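# Geometric and topological summary
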Amino acid sequence: MKNSAIKSINTAGLIGYIVSIIMIVLTITAMVITAITAAGAMTVSKDEINVKMNNNINITSQGNFLGKLNHFIKIGGVEDLSNLVGEDAQAQVSDSDISQISVTETDDGLSVNVVSQDITFSVGKIIAALLFAFLFFGAVTVSLYMVKSLMKSLKSCDTPFSQDIIKKMTNFAYSLIPAVILYMLFDGFKSSLTVGSGYEFSLNIGSVLLVAVVYILVMIFKYGAELQKESDETL
């Protein structure tokens, strides 16, 4: 007769097993979409994409919105934000992403128009980022298969300290290493998609800590298995 703790572990294993299957389907779908997008981008690999965005934001305010906002933000060439109000009023902004801002009063608030700088994307870098994304999703899929195998064992185990479960936890821990490395490489490519920008490797502390925590859990379970083995031999 299983005690309540083991039943809880079995239930958690069943839930984890179902969730892992859903996540595997999602990551495989992401791989397919990424591959199709990369294949399409390869047909125009020598081209560059110019993007200019013009966004309009409507802000509703019952009070002196500009007066209060003026204490927190300054725009180059404008001493008071109220000077931006008007059909012909606009300010040039010394920002890498925004070229100008204008504000128009409406019946119930303000309409803020933001025009971005011309941004040129390198298709070659986009393709490289997509390929790394494909590899990343592939590595995540492998890790999820490790999780699925672990959860399958947990949903029917009599003890979480069996050698089978510890082996599957270890395999999962090892599978996280390529996934984390590819994630950081992909994250670096995302910041270098525009023409003229360089590649910047991004060390993600959270991902590294995740791997460390999983390895610590593996060590704890290995120690628990040794204690259980000694207890069984004593009995």
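Residues numbered from 1 in each chain as written. Predicted model: local features only at pLDDT ≥ 70, side-chain atom pairs only at ≥ 80, totals over all residues. Heavy atoms only, no water.

### So, the environment of V214
Here is the rule: Put simply, DSSP marks the helices as runs of H or I at least four residues long and the strands as runs of E at least two long, and each gets a number from the N terminus on. Whether two residues are in contact is decided by their heavy atoms: any pair within 4.5 Å suffices.
Looking at the secondary structure, you find V214 in helix α5 (residues 205-234). Setting aside anything within four residues of it in sequence, one finds V214 in contact with F172, A173 and L176.

### Here we look at the nonpolar core
To keep things clear, this is the line we draw: To qualify as a nonpolar core, a set must consist of buried Ala, Val, Leu, Ile, Met, Phe, Trp, Tyr and Cys residues joined through side-chain atoms within 4.5 Å. With a 1.4 Å probe rolled over the protein chains alone, any residue whose accessible area is under 20% of its type maximum counts as buried; one over 50% counts as exposed, and the rest are partly exposed.
Ranked by size, the top nonpolar core spans 16 residues in total, and within it L150, M151, L154 and I165 carry the most contacts. Among the elements that make up this core, the one with the highest residue count is helix α4 (residues 163-190) (seven residues). In contact with L154, other than residues within four places in its own chain, are I9, N10, G13 and I165.

### Comments concerning the packing of helix α1 (residues 4-42) against helix α3 (residues 123-154)
Heads up, the rule is: Angular values range over 0 to 180 degrees, each being the angle between N-to-C directions of two axes fitted as lines to C-alpha atoms, with helices fitted over their stretch in contact. By the definition adopted for this analysis, an angle is roughly parallel if under 35 degrees, roughly antiparallel if over 145, roughly perpendicular if from 65 to 115, and oblique otherwise. Here is the rule for handedness: rotate from the far helix to the near one, and if that takes an anticlockwise turn smaller than a right angle the crossing is left-handed, while a clockwise turn gives right-handed. Any residue that is not Ala, Val, Leu, Ile, Met, Phe, Trp, Tyr, Cys, Pro, Asp, Glu, Lys or Arg is counted as polar, Gly included; the first ten are nonpolar and the last four charged.
Direction vectors running N to C along α1 and α3 enclose 160 degrees, while the axes themselves pass 8 Å from each other. With respect to their mutual orientation, α1 and α3 come out roughly antiparallel. Between α1 and α3 lies a crossing of left-handed hand. Considering only residue class, the contact of α1 with α3 consists of 26 nonpolar, nine polar and two charged.

### Quick look at the environment of A5
Checked against the element boundaries, A5 lands in helix α1. The class for A5 is partly exposed, based on a relative accessible area of 46%. Linking A5 and T159, residues 154 residues apart in sequence, is a C-alpha distance of 9.6 Å.

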